[in-house]
Amino acid sequence: MQQGLFISFEGIDGAGKSSHIEALAQAFRDAGRALVQTREPGGTPLAEKLRELVLHDAMDPLCEALLVFAARRDHLTQVIEPALARGDVVLCDRFTDATFAYQGGGRGFSLDVLSQLEHWVQAQPSGALRQPDLTVWFALDPAIAAERLSAARVPDRFESQPLAFFSQVHQGYAARAAADPARFARIDASATLAQVRQEVLNIMHMRGYLAAQS
Ligand code: TYD
């Protein structure tokens, strides 16, 4: 049986990760890997209900943090852990780094409390924290991301935040990446779609997750 592989994708709103996750999912399927493509907050019926609340209902930052971690707990136990135990590839659009970036960086909520919640929700029986094997961070200047977003649909509670919020979120991601450089692969998301797509594939080849095309 193949070993499970857990990859998360991060970046501020407007960094353009969705189409790249799609393309990567296809590359894994073409390579014959069983795959689960999922997202946070969400990924289970319960977590998708919590996502609706988090994205659209007013609440204080602690409540927001508790809801995203509650959603994460359900998602981990119902979807992610079983998939990894089967040996599947799990591609997850956002995971805990988003909580540190948005609730911690953006909202300024206590990183200590977030670390405690992270421990509660992600501790495995061995005591080790469940984290992605790889986190692909689509890094983009918040001003460019805001321009891209302004052309998009009706904004949710996060997308409607001012530029300063996204600068803090960006800093939040930078801090997480600096704390765990081996897990993070930073991609310059200001490059063209084709360049970013190739860069994502290069990372998979370098890590031995996908065979390089001959
Ligand atoms: P996003 O992943 O950008 O989905 P879509 O492309 O459908 O808008 O939206 C999720 C939003 O939730 C995004 O603005 C970041 C936010 N979020 C948090 O604030 N904390 C979290 O822990 C997670 C996972 C997401």
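Residues numbered from 1 in each chain as written. Predicted model: local features only at pLDDT ≥ 70, side-chain atom pairs only at ≥ 80, totals over all residues. Heavy atoms only, no water.

### Digging into the pattern of salt bridges
A complete count under the given rule lists 13 salt bridges for this structure. The residue E40 makes a salt bridge to R72 at a minimum N-O spacing of 2.5 Å. Taken as a pair, E40 in the loop between β2 (35-39) and α2 (45-56) and R72 in helix α3 (residues 61-86) lie far apart in primary sequence, 32 residues in all. One salt bridge connects R107 with E64, and the closest N-O pair in it is separated by 3.0 Å. Of this pair, R107 sits in the loop between α4 (96-106) and α5 (111-122) while E64 sits in helix α3, and the two are 43 residues apart along the sequence. (Salt bridge = Lys/Arg side-chain N within 4 Å of Asp/Glu carboxyl O. Helix = DSSP H or I, 4+ residues; strand = E, 2+ residues; numbered from the N terminus.)

### Overview of the packing of aromatic side chains
All told, the structure shown has seven aromatic pairs when counted by the stated rule. Their ring planes at 80° and their centres at 5.0 Å tell us that F6 and F95 sit as a pair that is edge-to-face. Separated by 89 residues along the polypeptide, F6 in strand β1 (residues 5-10) and F95 in the loop between β3 (89-93) and α4 bring together distant segments of the chain. Classification of F95 by relative accessible area gives buried; the value is 1%. Consider the rings of F9 and F138, whose centres lie 6.5 Å apart with planes at 20°: the pair is stacked. Remark: F138 occurs in strand β4 (residues 134-139) and F9 occurs in strand β1; sequence separation between them is 129 residues. Each member of the pair, F9 together with F138, is buried. Over the aromatic face of F69 sits the side chain of R72, whose NZ or CZ is 4.9 Å from the ring centroid. We note R157 situated over the ring of F158; from NZ or CZ to the ring centre the distance is 5.7 Å. (Phe/Tyr/Trp six-rings, centres within 6.5 Å; stacked < 30°, edge-to-face > 60°. Buried < 20%, exposed > 50% of the residue type's maximum accessible area, 1.4 Å probe, protein only. Lys NZ or Arg CZ within 6 Å of the ring centre and 35° of its normal.)

### Here's the deal with the packing of α4 against helix α7 (residues 163-179)
As a packed pair, α4 and α7 sit with axes 8 Å apart at the nearest point and diverge in direction by 135°. When the axes of α4 and α7 are compared, the pair comes out oblique. The two elements α4 and α7 meet at a crossing, and its hand is right-handed. Along its contact with α4, which presents T96, D97, A98, F100, A101, Y102, G105 and G106, the element α7 presents F165, F166, Q168, V169, G172, Y173 and R176. Of the residues that constitute the contact of α4 with α7, the class distribution is eight nonpolar, five polar and two charged. (Axes fitted to C-alpha atoms, helices over the stretch in contact; angles between N-to-C directions. Parallel < 35°, antiparallel > 145°, perpendicular 65-115°, else oblique. Left-handed = near helix turned anticlockwise from the far one by under 90°. Contact = heavy atoms within 4.5 Å. Nonpolar A, V, L, I, M, F, W, Y, C, P; charged D, E, K, R; others polar.)

### Details of the nonpolar core
Judged by nonpolar contacts, the single largest core of 47 residues is most densely connected at I7, F28, L91, Y102, F138 and M204. If sequence neighbours within four positions are ignored, F138 has contacts with F9, E10, G11, A15, K17, H20, I187, A189, V196 and V200. Membership of the second largest hydrophobic core comes to 17 residues, among which are V79, F95, F109 and L114. (Core = buried A, V, L, I, M, F, W, Y, C linked by side-chain atoms within 4.5 Å.)

### Observations regarding the pairing of β3
Most of β3 sits out of view: five of its five residues are buried. Burial along β3 is two-sided: the residues V89, L91 and D93 and V90 and C92 are all buried. Pairing analysis gives five bridges linking β1 to β3, with the strands arranged parallel. In the sheet register, S8 faces β3, and the bridge partner there is C92. (Pairing = 2+ DSSP bridges.)

### Here's the deal with the environment of L134
Tracing the backbone shows L134 in strand β4. Residue L134 is classed as buried on the basis of its relative accessible area, which comes to 0%. With residues near it in sequence (within four places) discarded, L134 still touches F6, I7, S8, R183, A185, I203, M204, R207 and Y209.

### Points about the packing of α4 against α5
Packing of α4 against α5 leaves a shortest axis separation of 10 Å and a crossing angle of 155°. Here α5 runs roughly antiparallel to α4, going by the angle between their axes. Two packed elements cross with a definite hand, and for α4 against α5 that hand is right-handed. Note on element contacts: α5 touches α4 through L111, L114, S115, E118 and Q122, opposite T96, T99, F100, Q103 and G104.

Remember, this is a structural readout, not a statement about activity or role.
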